Amino acid sequence: MPVVMPIYGTRPEAIKMAPIVAALQASSSLDCFVTVTGQHRSMLDQVNGLFGIVPDHDLNIFEPGQSLNGILTKTIDGLDKLFSVNKPDAVVVQGDTTTSTAGAIAAFYHGIPVVHVEAGLRSGDLFSPFPEEANRKMTSQIASLHLAPTSTSRDNLLAENIPAADIAVTGNSVIDALFMTVDKNVPFTDPLLEELAAAGGRILLSTTHRRENQGEAMRGIGKALARIADAEPDLTVVVPLHRNPVVREAVMPAIEGRPNILVTEPLAYGEFTRMLSISHLVLTDSGGVQEEAPSLGKPVLVMRENTERPEAVIAGTVKLIGTDEDRIVTEVTRLLHEQDYFDSMANAVNPYGDGQAAERTVAAIEQLLGLGTRTADFTYA
Ligand code: UD1
Ligand code: UDP
């Protein structure tokens, strides 16, 4: 049986790959061999544990303070050795991380077809998000099968002369993962979060980690959160911090010690989706959170200058607000106090998927390997 190798290494890749791994393992015509790089050692293991995935091979490349070139070279070197003894019929990479692009390059050099999940997202600015916009464009140049989550991302690929026959529109597998998780109502590990859920008050959920926001902009985000918490004593601000010490050093000085700011370690995915479902609004620079929150009807303010995910902005659930401290305070305050405005953004929309992305992905891979036919593309009316 043909062997398909998903390769991934960070938290968002693990979440988005989990439904695909499950569907590959369920396929009667493919064998699945999971390889992880360990780029996000702890946050990766947390997600694999939740979804019951035990990798078949682990490159274990993680080191604190790792550089982009370190991630790239260690991944390529590790995969080079692996492919010399264990050559799959196709690899599957997801998104725009350095693990993802390194996996694509290593496979391409070995003549192994590359399947790119979440293909065709474009911000239009090579340097923002950095290095993700460049990473995903590089992967598009060498992939054999491009799995676009939406028709917008398919159109971006067509505009770059990727052949239409090599593109399928699958929806984003993050919505599969969300649907697999959100209704389980998993208990919070931190008793303070359980108390917060029971109290039923308004929650602002905030995450930040983007490389281009690190430094001054991220310090401003911390100050904005502190000002919002001080001005809104009935609101609780929940901040699950990324493991990156650079993020912690930027955000923590402004927010620590406030009674209505709850800083936590990264929440396990089930806990995070539950927190999302009980939050009033979301303030983030994350890609995945921009895709999940609209499904749950949560208004999202995105602390970035641009987005490669315009669908929910057009649907009215997501607003781009940049990283200016005063602007963040103004936009959050407006959503907290203008009910009509809040209601206009709090629409549950699913422009990113219908929970069937993994199934479409596996059908498209089977077709690539001459084993079947694709299912109909995902459409969003
Ligand atoms: C990476 C991805 C980014 C993605 C983000 C999701 C690249 C270039 N960037 O950025 O696209 O949006 O993940 O979170 O691939 N760390 C730990 N333990 C962990 C994970 C991270 O200690 O489990 C710390 C380490 O000090 C590490 C730092 O965080 O050096 C940064 O991690 P890294 O993977 O280099 O980049 P991210 O900013 O997380
Ligand atoms: N997430 C999580 N726990 C947290 C914060 C985020 O499980 O404490 C999930 C979130 O639901 C989303 C993904 O992590 O699916 C997003 O990851 P991240 O923001 O690190 O990366 P990005 O999506 O920006 O690449």
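It should be noted that the structure appears before, not after, this text.
We now turn to the structure provided with this report. Note that the coordinates shown come from a computational prediction; the quantities given were computed from them, not determined experimentally.

## So, the overall build of the chain
Part 1 of the reasoning: Scanning the chain from N- to C-terminus turns up 16 helices and 14 strands.
Part 2 of the reasoning: Its C-alpha radius of gyration of 20 Å places the chain within 12% of the 21 Å reference for a compact globule of 381 residues.
Part 3 of the reasoning: Referenced to the eigenvectors of the C-alpha coordinate spread, the extents of the chain come out at roughly 60 × 45 × 40 Å.
Part 4 of the reasoning: Scored against the burial criterion, the 381 residues of the chain give a buried share of 57%.
Part 5 of the reasoning: Within the chain, contacts between residues separated by at least 24 positions form 68% of all contacts whose residues are at least 6 apart in sequence.
Part 6 of the reasoning: Of the roughly 14,800 Å² that the chain leaves accessible, carbon and sulfur atoms contribute 53%.
Part 7 of the reasoning: In the chain, the 29 positive side-chain charges and the 48 negative ones have mean positions that sit 2 Å from each other.

## Notes on the site of ligand 2
Part 1 of the reasoning: The immediate surroundings of ligand 2 are formed by 15 residues, with Leu 267, Ser 286, Gly 287, Gly 288 and Glu 292 found nearest.
Part 2 of the reasoning: Out of a free accessible area of 540 Å², ligand 2 has 95% covered by protein chains.
Part 3 of the reasoning: Of all the secondary-structure elements, those providing two or more residues to the shell around ligand 2 are α1 (11-26), α11 (269-278) and α12 (287-295).
Part 4 of the reasoning: Considering every element that reaches the shell around ligand 2, the biggest residue donor is α12, with 4 residues.
Part 5 of the reasoning: Looking at the shell around ligand 2 residue by residue, the classes come out as 8 nonpolar, 4 polar and 3 charged.

## Remarks on the site of ligand 1
Part 1 of the reasoning: Among the 22 residues in the neighbourhood of ligand 1, the closest are listed as Gln 39, His 40, Thr 98, Glu 132 and His 209.
Part 2 of the reasoning: Between an oxygen atom of ligand 1 and a side-chain N or O atom of Gln 66, the distance comes to 3.2 Å.
Part 3 of the reasoning: Between an oxygen atom of ligand 1 and a main-chain N or O atom of Thr 98, the distance comes to 2.9 Å.
Part 4 of the reasoning: Across the complex, the protein chains shield 93% of the 760 Å² of accessible surface that ligand 1 would expose by itself.
Part 5 of the reasoning: In terms of residue count, the dominant contributor to the shell around ligand 1 is helix α2 (residues 41-51) (3 residues).
Part 6 of the reasoning: Class assignment of the residues belonging to the shell around ligand 1 gives a composition of 7 nonpolar, 10 polar and 5 charged.

## Some words on the pattern of salt bridges
Part 1 of the reasoning: Applying the stated criterion to the full structure yields 28 salt bridges.
Part 2 of the reasoning: One salt bridge in this structure joins Glu 194 and Arg 274, with 2.9 Å as the shortest N-O distance. Placement of Glu 194 in helix α8 (residues 191-199) and of Arg 274 in helix α11 is noted, with a sequence separation of 80 residues between them.
Part 3 of the reasoning: Accessibility expressed as a relative area gives 29% for Glu 194, which makes it partly exposed.
Part 4 of the reasoning: One continuous salt-bridge network, built from bridges that share partners, spans Lys 16, Asp 96, Glu 118, Glu 133, Arg 136, Glu 291, Arg 304, Glu 308 and Arg 309.

## Things to note about the environment of Ala 346
Part 1 of the reasoning: With respect to the element layout, Ala 346 can be found in the loop between α15 (339-345) and α16 (357-368).
Part 2 of the reasoning: Along the sequence, Ala 346 and Thr 317 sit 29 residues apart, while their C-alpha atoms lie 6.2 Å from each other.
Part 3 of the reasoning: Those residues within four positions of Ala 346 in sequence are excluded, and the remaining contacts are Gly 297 and Pro 299.

## Concerning the side chain of Asn 213
Part 1 of the reasoning: Summarising the element assignment, Asn 213 is placed in the loop between β9 (203-207) and α9 (216-231).
Part 2 of the reasoning: Side chain to side chain, Asn 213 and Asp 285 meet in a polar contact 3.1 Å long.
Part 3 of the reasoning: When neighbours within four sequence positions are excluded, Asn 213 is seen to be in contact with Met 218, Ile 221, Asp 285, Met 303 and Thr 323.

## A few points about a nonpolar patch on the surface
Part 1 of the reasoning: On the surface, a nonpolar cluster with roughly 320 Å² of combined accessible area is contributed by Leu 126, Phe 127 and Phe 130.
Part 2 of the reasoning: Relative to the helices and strands, Leu 126 resides in the loop between β6 (114-117) and α5 (132-142).
Part 3 of the reasoning: A relative accessible area of 43% means that Leu 126 is categorised as partly exposed.

## Some words on unusual backbone geometry
Part 1 of the reasoning: Residues Ser 128 and Pro 129 are joined by a peptide bond in cis, for which omega reads 0 degrees.
Part 2 of the reasoning: Along the chain, Pro 129 turns up in the loop between β6 and α5.
Part 3 of the reasoning: Each neighbour pair has its own omega, and for Phe 130 with Pro 131 the value is 0 degrees, a cis peptide bond.
Part 4 of the reasoning: Positioned with a positive phi, Asn 161 is a non-glycine residue whose angle comes to about 65 degrees.

## Topic: the nonpolar core
Side chains that are nonpolar tend, in soluble globular proteins, to be buried together.
Part 1 of the reasoning: The biggest cluster of nonpolar side chains holds 52 residues, and the ones touching the most others in it are Tyr 8, Leu 24, Leu 193, Val 238, Met 275 and Ile 365.
Part 2 of the reasoning: Among the elements that take part in this core, α1 stands out by supplying 7 residues, more than any other.
Part 3 of the reasoning: Other than its neighbours up to four places away in sequence, Tyr 8 contacts Glu 13, Ala 14, Met 17, Val 21, Val 34, Thr 35, Val 36, Thr 37, Leu 44, Asn 48, Ile 53 and Thr 99.
Part 4 of the reasoning: If you look at the next biggest cluster of nonpolar residues, it comprises 30 residues, including Leu 204, Met 252, Ile 328 and Val 332.

## Notes on the sheet that holds strand β10 (residues 236-240)
Part 1 of the reasoning: Overall, parallel pairing links the 6 strands, which are arranged β11-β10-β9-β12-β13-β14 in an open sheet. The two strands at the open ends of the sheet, each matched to only one other strand, are β11 (261-264) and β14 (318-320). Direction aside, neighbouring strands of the sheet carry axes that sit 20 degrees apart on average.
Part 2 of the reasoning: Relative to β14, strand β13 (residues 300-302) runs parallel, the two sharing 3 bridges. Bridging from a neighbouring strand, Leu 301 pairs with Lys 319 of β14.

Reading guide: rules and limits
Residues numbered from 1 in each chain as written. Chains lettered and ligands numbered in written order. Predicted model: local features only at pLDDT ≥ 70, side-chain atom pairs only at ≥ 80, totals over all residues. Heavy atoms only, no water. Helix = DSSP H or I, 4+ residues; strand = E, 2+ residues; numbered from the N terminus. Rg over C-alpha atoms; globule rule 2.2 N^0.38 Å. Buried < 20%, exposed > 50% of the residue type's maximum accessible area, 1.4 Å probe, protein only. Contact = heavy atoms within 4.5 Å. Areas by Shrake-Rupley, 256 points an atom, 1.4 Å probe, with all protein chains shown as cover. Lys, Arg positive; Asp, Glu negative; His and termini not counted. Charge placed at Lys NZ, Arg CZ, Asp CG, Glu CD. Near = heavy atom within 4 Å. Nonpolar A, V, L, I, M, F, W, Y, C, P; charged D, E, K, R; others polar. Polar contact = N/O pair within 3.5 Å; in protein donor to acceptor, adjacent residues only side chain to side chain. Salt bridge = Lys/Arg side-chain N within 4 Å of Asp/Glu carboxyl O. Patch = residues over 30% accessible without salt bridge, like charges linked within 9 Å, V, L, I, M, F, W, Y side chains within 5 Å. Core = buried A, V, L, I, M, F, W, Y, C linked by side-chain atoms within 4.5 Å. Pairing = 2+ DSSP bridges. Axes fitted to C-alpha atoms, helices over the stretch in contact; angles between N-to-C directions.

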